[in-house]
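# Chains, contacts and geometry: an overview
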Amino acid sequence: MMPDSLPAMSKHEEGTSEVALTVNGVAHRLRIDPRVTLLDAVRDELGLTGSKKGCDQGQCGACTMLVAGRRINSCLTLAVMHEGDEITTIEGLGTPGALHPMQAAFVAHDGLQCGYCTPGQICSAVGAVDEIRRGVPSHVSRDLDCISHSDEEIRERMSGNLCRCAAYPNIVAAVRDAMEAQS
């Protein structure tokens with residue numbers, strides 16, 4: 001149960017904002033600097049460190065989370081902008097005993113090496129598969145009435161997530177396998 005509001009602010013806390021975030025199905029009320037990114041709030045305030053801080057510029061995708069089912073670079077958005085949104089991090093997709101189908105596919109296809117980018121890759125892949133299912137076109141979609149499940153389509157959608165270990169062929173295979181298994 002979440003308190004209706006936080007205790008009164010001390011002099012030290014002036015200039016902070018109260019924000020209600022729902023992360024992985026759990027409601028949280030935080031008092032944070034309004035300039036704090038969603039990534040930093042989730043990692044530093046909630047202790048959910050699966051999403052990684054890579055470039056802090058939205059170029060690597062290591063911080064990818066799902067907000068209302070849509071994948072975003074959490075380092076580029078402020079936490080206060082997501083009041084009331086449903087936020088899903090890698091910790092909210094599955095558990096070690098019950099992996100999400102995308103997590104299981106990454107394991108089966110060795111779609112990870114060092115693992116640093118893997119949480120962002122998996123969250124992005126879950127969002128990408130949802131986009132394909134909903135018929136959302138990408139830059140490589142040839143037929144806007146029938147979005148393909150091709151490797152080219154997967155690679156395009158995953159292009160915002162970098163892997164320094166170059167596990168790309170395995171990542172594409174994992175995404176394709178998870179997508180086909182869920183069909």
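Quick summary incoming for the structure in this document.

About the thresholds
- Residues numbered from 1 in each chain as written.
- Predicted model: local features only at pLDDT ≥ 70, side-chain atom pairs only at ≥ 80, totals over all residues.
- Heavy atoms only, no water.
- Helix = DSSP H or I, 4+ residues; strand = E, 2+ residues; numbered from the N terminus.
- Rg over C-alpha atoms; globule rule 2.2 N^0.38 Å.
- Axes fitted to C-alpha atoms, helices over the stretch in contact; angles between N-to-C directions.
- Parallel < 35°, antiparallel > 145°, perpendicular 65-115°, else oblique.
- Left-handed = near helix turned anticlockwise from the far one by under 90°.
- Contact = heavy atoms within 4.5 Å.
- Nonpolar A, V, L, I, M, F, W, Y, C, P; charged D, E, K, R; others polar.
- Pairing = 2+ DSSP bridges.
- Core = buried A, V, L, I, M, F, W, Y, C linked by side-chain atoms within 4.5 Å.
- Buried < 20%, exposed > 50% of the residue type's maximum accessible area, 1.4 Å probe, protein only.

## Comments concerning the overall build of the protein chain
In terms of regular secondary structure, the protein chain is built from five helices and five strands. The secondary structure elements of the protein chain, listed N-terminal to C-terminal, are β-β-α-β-β-β-α-α-α-α. For the protein chain, the C-alpha radius of gyration of 18 Å lies close to 16 Å, the compact-globule estimate for 183 residues. By its C-alpha atoms, the protein chain is 55 × 35 × 30 Å across when sized along the principal axes.

## Focus: the packing of helix H2 (residues 101-108) against helix H3 (residues 118-134)
The interhelical angle for the contact between H2 and H3, taken along N-to-C directions, is 125 degrees, at an axis separation of 10 Å. Between H2 and H3, the crossing angle belongs to the class labelled oblique. Along this stretch, H2 crosses H3, giving a crossing that reads as right-handed. Contacts between H2 and H3 involve Met102, Gln103 and Phe106 on the former and, on the latter, Thr118, Gln121, Ile122, Ala125, Val126 and Val129. For the contact of H2 with H3, the residue count by class is six nonpolar, three polar and no charged.

## Digging into the sheet that holds strand E2 (residues 26-32)
In space, the five strands of this open sheet follow the order E2-E1-E5-E3-E4, with mixed pairing throughout. Two strands in the sheet have a free side with no partner beyond their single neighbour: E2 and strand E4 (70-73). Looking at each pair of strands side by side, their axes are set apart by 40 degrees on average, direction ignored. Taken strand by strand, H3 contacts strand E3 (64-67), E4 and strand E5 (86-88), and its axis lies near 40 degrees from that of E3.

## Things to note about the nonpolar core
Leu93, Met102, Phe106, Ile171 and Val175 are the most contacted members of the largest nonpolar core, which has 25 residues in total. For this core, the secondary structure elements donating two or more residues are H2, H3 and helix H5 (168-182). Per-element accounting of this core gives the leading share, seven residues, to H3. Residues Ile32, Ala41, Leu48 and Ala79 belong to the second largest nonpolar core, which totals 18 residues.

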